[in-house]
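Descriptive structure summary
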Amino acid sequence: MKKILIANRGEIALRIMRTAKKMGIATVAVYSEADRHAPHVRYADEAVLLGPAPSNQSYLLGDKIIEFSKQLGVDGIHPGYGFLSENAGFAKQVSDAGITFIGPNAHAIEVMGSKLAAKDTVKAYDIPMVPGVDEAITDIGEAKTIAKTIGYPILIKASAGGGGKGMRIVEQESDFESQMDRAVSEAMSAFGDGAVFIEKYVKSPRHIEIQVLADSHGNTVHLFERECSVQRRHQKVVEEAPSAVLTPALREEMGAAAVRVAQSCQYLGAGTVEFLLDDQLNFYFLEMNTRLQVEHPVTELITGVDLVEEQIKIARGEALSFTQEDLRIKGHALELRVYAEDPYNQFLPSVGTLEKYQKPGPELARVDDGYEEGMEIPIYYDPMIAKLIVYADTRKEAIDKMKEAINHYHIEGIATTLPFGAFTCSHEAFVSGHFDTHFVKDYFNPEEVQSDPVEKIAALAALKFHLQDKEKIAVADQEKPEWHAKRSSN
Ligand code: MV4
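Residues numbered from 1 in each chain as written. Predicted model: local features only at pLDDT ≥ 70, side-chain atom pairs only at ≥ 80, totals over all residues. Heavy atoms only, no water.

**A short note on the nonpolar core**
We apply this condition: We define the nonpolar core as a collection of buried residues of types Ala, Val, Leu, Ile, Met, Phe, Trp, Tyr and Cys that are connected through side-chain atoms lying within 4.5 Å of one another. Exposed residues in this analysis have more than 50% of their type's maximum accessible area, buried residues have under 20%, and partly exposed residues fall in between, with area computed by a 1.4 Å probe over protein chains only. Domain delimitation in this document rests on an assignment produced automatically or drawn from a domain database.
Ranked by size, the top nonpolar core spans 66 residues in total, and within it Ile-77, Ile-385, Leu-388, Tyr-409, Phe-420 and Phe-439 carry the most contacts. Of the residues that make up this core, three or more belong to each of domain 1 (3-102) and domain 3 (206-465). Tyr-81, Leu-213, Val-294 and Tyr-339 belong to the second largest nonpolar core, which has 30 residues in total.

Printed below as a string of structure tokens:
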């Protein structure tokens, strides 16, 4: 493989190109009109303009990307995450064009893209699953009978789902039909697929995911877990590896299960198997993500494996150069997603220009970013500016290092999630490891956010009055109150 095209933008495009260059592979960037001056365009050996800013006129144009690839003699296409990365049709079109898709085969993408197909595929592989059904609900009466056996509360989920869309908690039988109707119509409008199923609702789960790598010679290994329980509105904000709660025995058991999930769909390349972990440390398979994930760096730091390099080697047909026994966890890594969002104002997007942009030095942190001082954050794409990643011998030292790195990260012109990171790293629940996916809702109170004194305190006082004011006219969030309706009472 001599030349690869990176069908993506921002930090992940740069991240992939860095490894390609290290391997002596030439790089081709693609970009939209909004990204003409973006670092990923300058960093690449060649770059081609796809079209106007909106993704459906640029980064989602699979045909155009393949056309350019042919013209430029590209051997492989790396899709990054988002955009075309989990589009089975695109993966197939790329291979049909005689170009290597740096990712799994279309079959694995398709199966894992449907939660019901995924459950059906893994069920012969001894994978623990949340009590529930593995078929789309067609008969309400039958579904109610099953729900009664499982026991309320139950959760209705969309098969095509993602980001919590089409997901509804049902507390009691009398709410079943109305919640079902809402889930189906939400799934229909979001995914064009109204298929839903039910599961027992796991009350206070932690989100644990296992990184896997599978080559084309029949070797599949896992690279341990990442914990991503600190989320809000189904968007991860802080991730770490390893998890503070897994024992070596549980880690091995979950790792082995993840490997079987990958084997069940003849997986190839890097993938992630997501599990819920309940308060009794029971784990349940949720889904498999068939891409390189945003939070992959924490795994790289604790294992010393460059995941993009492995993806490229696997795509070239090479066998993994290590076995499961060769892999060890060393140290602890934390990642904070730095979003252009205002934690003091319900994490609403904060648009504007990076008037000031100074990062902590490499001795303190790895910063994977895609912007520079003076740049505007386009409104068309994901609002993530950077990933702030730290590594230390122990979890406690990593947390302290993250706090220090945040203090050495200076961004002006837009609000970011940096203060939220400081809040999390100073919170007793996070520091002690006693937290779950409700962390943000249970504890995050904008008034407690740790930050540079004086101006911030003044700003917070102003904010407090602002929020009190707003509360009176607040329009309810579409999914949150419902989802967490019962939490405040436990
Ligand atoms: C669940 C659950 C509780 N019980 N399933 C949220 C997104 C989707 N991928 C799966 N999700 C959940 N599924 C059962 N049976 C709770 C969640 C959930 C969640 C999962 C992982 C990380 C954050 C979350 C936040 C809220 C709900």
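The discussion continues.
**Quick look at unusual backbone geometry**
Negative phi values dominate among residues other than glycine, just as trans dominates among peptide bonds. What counts is decided by this rule: A helix here means a DSSP run of H or I that spans at least four residues, while a strand means a run of E at least two residues long, and both kinds are numbered starting from the N terminus.
The linkage connecting Tyr-152 with the following residue, Pro-153, adopts the cis geometry, with an omega of 0°. Structurally, Pro-153 can be placed in the loop between helix 7 (140-150) and strand 6 (154-158). With an omega of -5°, the peptide bond between Ala-241 and Pro-242 qualifies as cis. Here Pro-242 lies in the loop between strand 11 (235-241) and helix 9 (248-264). Positive phi values are uncommon outside glycine, yet Leu-281 reaches one of about 65°. Structurally, Leu-281 can be placed in the loop between strand 12 (269-277) and strand 13 (283-289).

**A closer look at empty space enclosed by the protein**
Convention followed: Each cavity reported here is a set of points on a 1 Å grid over the protein atoms alone in which a 1.4 Å probe fits but cannot get out, each pocket an open set with protein on both sides within 12 Å along at least five of seven lines, and each lining residue one with an atom within 4 Å of a point. Grid points are joined across faces, edges and corners, and a volume is the space filled by probe spheres set on the points.
For the structure on display, the rule yields four cavities of 30 Å³ or more. Empty space within the second largest cavity amounts to approximately 50 Å³. Lining the second largest cavity are 13 residues, with Pro-79, Ile-102, Arg-291, Leu-292 and Gln-311 sitting closest to its centre.

**Considerations on the pairing of strand 13**
What counts is decided by this rule: Strand pairing is defined by DSSP finding a minimum of two bridges between the two strands.
Most of strand 13 sits out of view: seven of its seven residues are buried. Bridge analysis of strand 12 against strand 13 gives six bridges, and the strand direction is antiparallel. Within strand 13, the position partnered with Glu-274 by the bridge is Glu-287. With antiparallel pairing between neighbouring strands as the criterion, strand 12 and strand 13 make up a hairpin whose turn holds five residues, including Leu-281 at a positive phi of roughly 65°.

**Some remarks on the sheet that holds strand 9 (residues 206-214)**
Note the following rule: Where helices are involved, their axes are fitted lines through C-alpha atoms of the stretch in contact, as for all axes, and angles between N-to-C directions lie from 0 to 180°. In this description, contact between two residues means that some pair of their heavy atoms is separated by no more than 4.5 Å.
Spatial ordering of the open sheet is given by 13-12-9-10-11-14-19-18, a layout of eight strands whose pairing is antiparallel. One side of each edge strand has no neighbouring strand; the edge strands of this open sheet are strand 13 and strand 18 (366-369). The average angle at which neighbouring strand axes cross in this sheet is 25°, direction not considered. Bridge count for strand 14 (residues 332-339) against strand 19 (residues 384-392) is eight bridges, and the pairing is antiparallel. Bridge pairing in strand 19 places Glu-335 opposite Ile-389. Contacting strand 9, strand 10 (220-232) and strand 12, helix 11 (residues 307-315) runs over the sheet at an angle of about 40° to strand 9.

**Comments concerning the confidence of the model for the chain**
Our working rule: Known as pLDDT, the predictor's confidence for each residue is given on a scale from 0 to 100.
Averaged over the chain, the pLDDT score is 92; the fraction of residues at 70 or greater is 91%. Taken together, the stretch residues 468-490 has pLDDT below 50 and engages in 25 contacts with residues farther than four places along the chain or on a different chain.

**A look at helix 7**
The following threshold applies: In this context, the arc is that of the directions from the helix axis out to the C-beta atoms.
For helix 7, the full list of buried residues reads Ala-143, Lys-144, Ala-147 and Ile-150. End-on view of helix 7: buried residues confined to an arc of 120°, all on one side of the axis. Residues Thr-145, Lys-148 and Thr-149 are exposed on helix 7 and point more than 90 degrees away from its buried face. One or two positions beyond helix 7, positive phi appears at Gly-151, with a value near 100°.

**Thoughts on helix 6 (residues 115-122)**
In an α-helix there are 3.6 residues to a turn, and that puts residues three or four apart on one side. By the burial criterion, the buried members of helix 6 are Lys-115, Leu-116, Ala-118, Lys-119 and Val-122. An end-on view of helix 6 places all buried positions within 160° of arc, on one side of the element. Of the surrounding secondary structure, the elements contacted by the buried residues of helix 6 are helix 5 (106-113), strand 6, strand 8 (196-200), helix 9 and strand 13.

**Focus: the packing of aromatic side chains**
Basically, it comes down to this: Any pair of Phe, Tyr and Trp rings, taking the six-membered ring for Trp, is counted once the centres come within 6.5 Å. Such a pair is stacked with planes under 30 degrees apart, edge-to-face with planes over 60 apart, and tilted for the rest. Note on criteria: charge over ring means Lys NZ or Arg CZ within 6 Å of the ring centre, with the direction from the centre no more than 35 degrees off the ring normal.
Tallied over the entire structure, the rule returns 18 aromatic pairs. Taken together, a centroid distance of 6.3 Å and an interplanar angle of 75° make the contact between Phe-435 and Phe-439 edge-to-face. Here Phe-435 matches Phe-439 in class, with each residue buried. Grouping aromatic residues by their ring pairs yields a cluster made of Phe-347, Phe-420, Phe-423, Phe-430, Phe-435, Phe-439, Tyr-443 and Phe-444. The cationic tip of Lys-21 hangs over the ring face of Tyr-43; the distance from NZ or CZ to the ring centre is 3.9 Å. Across from the ring centre of Phe-435, 4.4 Å away, lies the NZ or CZ of Arg-206, which sits over that ring.

**Quick look at the environment of Val-294**
As for its position among the elements, Val-294 is in the loop between strand 13 and helix 10 (296-303). It is 8.9 Å that separates the C-alpha atoms of Val-294 and Gly-80, two residues lying 214 residues apart in sequence. Sequence-distant contacts of Val-294, that is, excluding residues within four places in its chain, are made with Tyr-81, Glu-335, Arg-337, Met-384 and Lys-387.

**A few points about the environment of Leu-49**
The topology assignment puts Leu-49 in strand 3 (residues 46-51). Given the relative accessible area of 29%, Leu-49 is considered partly exposed. The spacing of Leu-49 and Asp-35 is 14 residues in sequence and 9.1 Å in space, taken between C-alpha atoms. Setting aside residues up to four positions removed in sequence, Leu-49 forms contacts with Tyr-31, Ser-32, Glu-33, Arg-36 and Phe-68.

**Description of a nonpolar patch on the surface**
Definition in use: Put simply, a patch holds well-exposed residues, over 30% relative accessible area, that have no salt bridge, with like charges counted together within 9 Å and Val, Leu, Ile, Met, Phe, Trp or Tyr side chains within 5 Å. Residue burial considers only the protein chains on display, and all accessible areas are found by Shrake-Rupley using a 1.4 Å probe. A side-chain nitrogen of Lys or Arg and a carboxyl oxygen of Asp or Glu constitute a salt bridge if their distance falls within 4 Å.
Residues Val-351, Ile-379 and Tyr-380 make up a contiguous nonpolar surface patch of roughly 340 Å² in combined accessible area. Note on placement: Tyr-380 falls in the loop between strand 18 and strand 19.

**A word on the sheet that holds strand 6**
With antiparallel pairing, the three strands of this open sheet are ordered in space as 7-6-8. On the outer flanks of this sheet lie strand 7 (168-170) and strand 8, each paired with one strand and no other. For this sheet, the mean inter-axis angle between neighbouring strands, taken without regard to orientation, is 30°. As paired strands, strand 6 and strand 7 are joined by three bridges and run antiparallel to one another. Paired with Ile-156 across the strands is Arg-168, a residue of strand 7.

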